[in-house]
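Listed here are the chains, written in short residue letters.
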Amino acid sequence: MDQFAVAGSELLINGQPLSRIAARVGSTPFYAVDRSLLDRRVAELRAALPQGLKLHYAMKANPMPAVVAHMARLLDGIDVASAGELKVALDAGADPHEVSFAGPGKRDPELLQAVAAGVLVNVESARELAVLQRAAEQLGLPARVALRVNPDFELKGSGMKMGGGPKQFGVDVEQVPAVLDEMRARGLQFEGFHLFAGSQNLKPESICEAQQKSYELALRLSAQTPQPIRFLNLGGGFGIPYFPGEQRLDLGPIGANLAALQERARRELPEAELVIELGRYLVGEAGVYVTRVVDKKVSRGQTYLVCDGGLNHHLSVSGNFGQVIRKNYPVTIGNRQGGPAELVSAVGPLCTPLDLLADKMALPQAEIGDLVVIFQSGAYGASASPAAFLGHPAVTEVLV
Ligand SMILES: *Cc1c(COP(=O)(O)O)cnc(C)c1O
């Protein structure tokens, strides 16, 4: 993958040879995230998107504390989805005023923690309003709330749809006026709306359409809000290319569309800041998963590289994290760059045929001890994988 340079036979992560990084980590498997690529991605986004647009990091994509701390410095806010993530975000130095908390099934103690921390809660049900009112009274602090709306449209062409139709996320737009009335009656501090329609989208026109419709929806609802809209979170869903034939997302039209929306907001919702929240797009391409070849064997003509890690650390490379059909991620042998190729399958150490890292791919010829590298692995890696399955050692994560 062209975001990583090569020197001799070695892939470089932020300028350092992979074998040297493996030596300093001390054990395989590990994830390595390249901080210069995080910086570059944020700079590209800032250049393409209008000034004043708030950029948030949805930390569920990669909750590694060092990554969250880096992103907290680079971006305008952090979006958390549990009290556990809230702790990591606050530890990382995120400004509580710029932290928002979304997710279905927020437990009563988590909502109390959120009020105590002073973060914005993206409310997803009427029940949360009652719990927040009690928490605010108990603590003598305001409960800052935004309403997450389940819109009446979808993000077309998304890998995962998280809005439109019946959903466990947010409040259906039809029910929003009643929930806003209840918010007013309970004396909660309304700050805005949150819309998140879907994930992993590579079609700029679909993203623009969803953002446009989200804006219109919020504008329609703005007449009924207890206080003016201060935050309007239009979601994200920006995808990254994983498979042959997929193109990098063109930010041009998205930036132009957001600039137009921001211009309208200046007139129509003068107190509102527009926010987008991104996870995968910020971190996905900056990370690799590295696992060592433990065994190499041939079964009925097919060569297998058996590695020391697999779906226990990286469920999505095995095709079992929301994919319909399994396709190979980009893979290489990190210490055999430019070497002669060989057709192999790379598998993990688990006793299940699902534990597949690369299915019949032409990779540089590898030996036992070599380092298999899975690209596009900075998002939904370790924290999205069944680490305890089969009892192998945990994976290490480093920011390089
Ligand atoms: C998962 C999630 C995100 C991040 O999605 P990506 O596809 O990783 O950008 C953002 N917002 C909400 C509410 C989410 O649930």
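Worth saying up front: this structure is predicted, and the values here are computed from it rather than measured. (Residues numbered from 1 in each chain as written. Predicted model: local features only at pLDDT ≥ 70, side-chain atom pairs only at ≥ 80, totals over all residues. Heavy atoms only, no water.)

> Now, about the UniProt feature "active site" (unreviewed entry) in the protein: what can you tell me, with residues and values included?
Those places that UniProt annotates as "active site" (unreviewed entry) correspond, in this numbering, to Cys351. Relative to the helices and strands, Cys351 resides in the loop between β19 (341-347) and β20 (356-364). The exposure class of Cys351 is exposed, given its relative accessible area of 75%. (UniProt positions renumbered as here; feature names shortened; annotations may be inferred. Helix = DSSP H or I, 4+ residues; strand = E, 2+ residues; numbered from the N terminus. Buried < 20%, exposed > 50% of the residue type's maximum accessible area, 1.4 Å probe, protein only.)

> With reference to specific residues and values, describe the UniProt feature "modified residue: N6-(pyridoxal phosphate)lysine" (unreviewed entry) in the protein.
If you check UniProt for "modified residue: N6-(pyridoxal phosphate)lysine" (unreviewed entry), the listed places come out as Lys60 in our numbering. You can see Lys60 is positioned in the loop between β5 (54-58) and α3 (65-74). The exposure class of Lys60 is partly exposed, given its relative accessible area of 38%. Ignoring anything within four residues of it in the chain, the contact list for Lys60 reads Glu85, Tyr380 and Ser383. (Contact = heavy atoms within 4.5 Å.)

> Account for the nonpolar core, with residues named and values stated.
Core analysis: the largest hydrophobic core is formed by 123 residues, its most contacted members being Tyr57, Met71, Ile78, Phe193, Leu232 and Phe238. The leading source of residues in this core is helix α8 (residues 204-221), at seven residues. Mapped onto the domain boundaries, this core takes at least three residues apiece from domain 1 (6-32 + 287-399) and domain 2 (63-278). (Core = buried A, V, L, I, M, F, W, Y, C linked by side-chain atoms within 4.5 Å. Domains from an automatic or database assignment.)

> So what's going on with the site of the ligand? Residues and values would help.
Looking at the ligand, there are 13 residues lining it, with Lys60, Ser199, Glu277, Arg280 and Tyr380 nearest. In the environment of the ligand, a nitrogen atom lies 2.7 Å from a nitrogen or oxygen atom belonging to the side chain of Glu277. Contacts to the ligand include Tyr380, whose side-chain N or O atom sits 2.5 Å from an oxygen atom. The protein chains hide 93% of the 390 Å² of surface that the ligand would expose on its own. In terms of residue class, the shell around the ligand is built from five nonpolar, four polar and four charged. (Near = heavy atom within 4 Å. Polar contact = N/O pair within 3.5 Å; in protein donor to acceptor, adjacent residues only side chain to side chain. Areas by Shrake-Rupley, 256 points an atom, 1.4 Å probe, with all protein chains shown as cover. Nonpolar A, V, L, I, M, F, W, Y, C, P; charged D, E, K, R; others polar.)

> Could you give an account of helix α5 (residues 108-117), naming the residues involved and the relevant values?
Along α5, the positions that sit buried rather than exposed are Glu110, Leu111, Ala114 and Val115. Take α5 and look down its axis: the buried residues cluster within an arc of 140 degrees, on one side only. Along its buried surface, α5 packs onto α4 (83-91), β7 (99-101), β8 (120-123) and α6 (126-139). Immediately beyond the C-terminal end of α5, within one or two residues, lies Gly118, with a positive phi of roughly 80 degrees. (Arc of directions from axis to C-beta.)

> Report on the pattern of salt bridges, specifying residues and quantitative values.
Counting across every chain of the model gives 24 salt bridges. Among the salt bridges present, the one from Arg248 reaches Asp2, with a minimum N-O distance of 4.0 Å. With Arg248 in the loop between β14 (231-233) and α9 (251-268) and Asp2 in the segment before β1 (6-7), the pair connects residues that are 246 residues apart, well separated along the chain. For Glu44, the salt bridge goes to Arg41, with nearest N and O atoms at 3.3 Å. One end of the pair is Glu44 and the other is Arg41, both in helix α2 (residues 35-48) and three residues apart, which spans about a single turn. On the accessibility criterion, Arg41 (10% relative accessible area) is buried. (Salt bridge = Lys/Arg side-chain N within 4 Å of Asp/Glu carboxyl O.)

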